[in-house]
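Results of the structural survey
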Amino acid sequence: MQVWACDSIDEETFFSLHWNVEDRINRHEQYNAYIINELIPHILWESQHNNNGHEQKILISGCSMGAYYSGNFFFRHPHFFDTLLAQSGVYSVQHFFGDHRHGASYYNSPLDYLPGLYDEHLLNQYRNSRIILCCGQGAWEDEMRYETDRLHQILQQKHIPARVEFWGHDVDHDWHWWRKQLRYYMSSLM
């Protein structure tokens, strides 16, 4: 197993207080291009090299903002991935860009673009992947719980199987719980 961790540029995109929405989403698209055109091809090359030439796909995972990124990359570029494990994420840009849903901001908001997706080729890639979404029900999890449930409903409508679990009311939006969840789900995926 190889683990790759990639930093984000949230201070210039989602959390920027100095740039307007268009500049922020354009900067995010530059980040997206780096991930898709440089980082992922390198990971896949390295993985194939280390696995006797066998082509691999990627298990993408993250918690909190990492869950957003993982989900968005997975749904936008499913040909690279075979598994999504997203913990305590939001799946829309509502929290960062308000009601702005033009151009690139729309295509970075899975809760907005997935309902209108009818491309069977893409839908079948999702259907043939493993999708795990989980979220706690404790402190600071309300938005994540709501959006995880919305994403689950969309996946059900599209007949995309997913394992969606809401952990207890004591499970907060916190690293302590994400570590436990990661160990739990990874043991079932291996």
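Our subject is the structure listed above.
Here's a quick rundown of the structure. All of these numbers come straight from a predicted model, not from anything done at the bench.

Notes on the pattern of salt bridges
One pass over the full model with this rule turns up 6 salt bridges. A salt bridge links Glu-165 to Arg-163; the shortest N-O distance between them is 2.9 Å. On the accessibility criterion, Glu-165 (24% relative accessible area) is partly exposed.

With respect to unusual backbone geometry
A positive phi is found at Ser-88, a non-glycine position, where the angle reads about 55°. Relative to the helices and strands, Ser-88 is located in the loop between β2 (81–87) and α3 (94–97). Positive phi outside glycine occurs at Trp-140, with the angle close to 65°. Locating Trp-140 in the fold gives a position in the loop between β3 (130–135) and α6 (142–157).

Some details on the packing of helix α1 (residues 21–50) against helix α2 (residues 65–76)
In contact at an axis separation of 12 Å, α1 and α2 are set at 65° when each is read in the N-to-C sense. Accordingly, the angle class assigned to the pair α1 and α2 is roughly perpendicular. Crossing angle aside, the handedness with which α1 passes α2 is right-handed. Listed contacts from α2 to His-28, Glu-29, Tyr-31, Asn-32, Ile-35 and Ile-36 of α1 are Tyr-68, Tyr-69, Asn-72, Phe-73 and Arg-76. When the residues that make up the contact of α1 with α2 are grouped by side-chain class, the tally is 6 nonpolar, 3 polar and 2 charged.

Some words on the packing of aromatic side chains
Counted under the stated rule, the structure contains 20 aromatic pairs. Both rings, one in Phe-15 and one in Phe-96, keep their centres 5.7 Å apart while their planes meet at 65°; by these two values the pair is edge-to-face. With Phe-15 in the segment before α1 and Phe-96 in helix α3, the pair connects residues that are 81 residues apart, well separated along the chain. Since its relative accessible area comes to 13%, Phe-96 is described here as buried. Ring centres of Trp-167 and Tyr-185 lie 6.1 Å apart, and the angle between their planes is 50°; this geometry places the pair in the tilted category. Highlighted residues: Trp-167 in the loop between β4 (163–166) and α7 (175–189) and Tyr-185 in helix α7, separated in sequence by 18 residues. Accessibility assignment for this pair places Trp-167 and Tyr-185 in one class, buried. One aromatic cluster is present, formed by Phe-14, Phe-15, Tyr-31, Tyr-68, Tyr-69, Phe-73, Phe-96 and Phe-97 through successive ring pairs. The lysine or arginine in question, Lys-158, covers the ring of Tyr-118, its NZ or CZ lying 3.8 Å from the ring centre.

Description of the environment of Asp-119
With respect to the helices, strands and loops of the structure, Asp-119 is situated in the loop between α4 (110–113) and α5 (120–127). A distance of 2.8 Å separates the side chain of Asp-119 from the backbone nitrogen of His-121, its partner in a polar contact.

A closer look at the state of the cysteines
In total, this model carries 0 disulfides according to the counting rule given. Here Cys-6 stays unpaired: no disulfide links it, and the sulfur of Cys-63, its closest cysteine neighbor, is 14 Å away. Relative accessible area serves as the criterion here: at 39%, Cys-6 is assigned to the partly exposed category. Unpaired in terms of disulfides, Cys-135 finds its nearest cysteine sulfur in Cys-134, a separation of 7.4 Å.

With respect to the nonpolar core
Phe-75 and Leu-133 are the most contacted members of the largest nonpolar core, which has 43 residues in total. Among the elements that line this core, the one with the most residues is α1, at 8 residues. When residues no more than four places from it in sequence are discounted, the contact partners of Leu-133 are Leu-84, Ala-86, Tyr-91, Thr-148, Leu-151, Leu-155, Arg-163, Val-164 and Glu-165. Core analysis: the second largest hydrophobic core is formed by 9 residues, Leu-85, Cys-134, Val-171 and Met-186 among them.

Calculation notes
Residues numbered from 1 in each chain as written. Predicted model: local features only at pLDDT ≥ 70, side-chain atom pairs only at ≥ 80, totals over all residues. Heavy atoms only, no water. Salt bridge = Lys/Arg side-chain N within 4 Å of Asp/Glu carboxyl O. Buried < 20%, exposed > 50% of the residue type's maximum accessible area, 1.4 Å probe, protein only. Helix = DSSP H or I, 4+ residues; strand = E, 2+ residues; numbered from the N terminus. Axes fitted to C-alpha atoms, helices over the stretch in contact; angles between N-to-C directions. Parallel < 35°, antiparallel > 145°, perpendicular 65-115°, else oblique. Left-handed = near helix turned anticlockwise from the far one by under 90°. Contact = heavy atoms within 4.5 Å. Nonpolar A, V, L, I, M, F, W, Y, C, P; charged D, E, K, R; others polar. Phe/Tyr/Trp six-rings, centres within 6.5 Å; stacked < 30°, edge-to-face > 60°. Lys NZ or Arg CZ within 6 Å of the ring centre and 35° of its normal. Polar contact = N/O pair within 3.5 Å; in protein donor to acceptor, adjacent residues only side chain to side chain. Disulfide = S-S within 2.5 Å. Core = buried A, V, L, I, M, F, W, Y, C linked by side-chain atoms within 4.5 Å.

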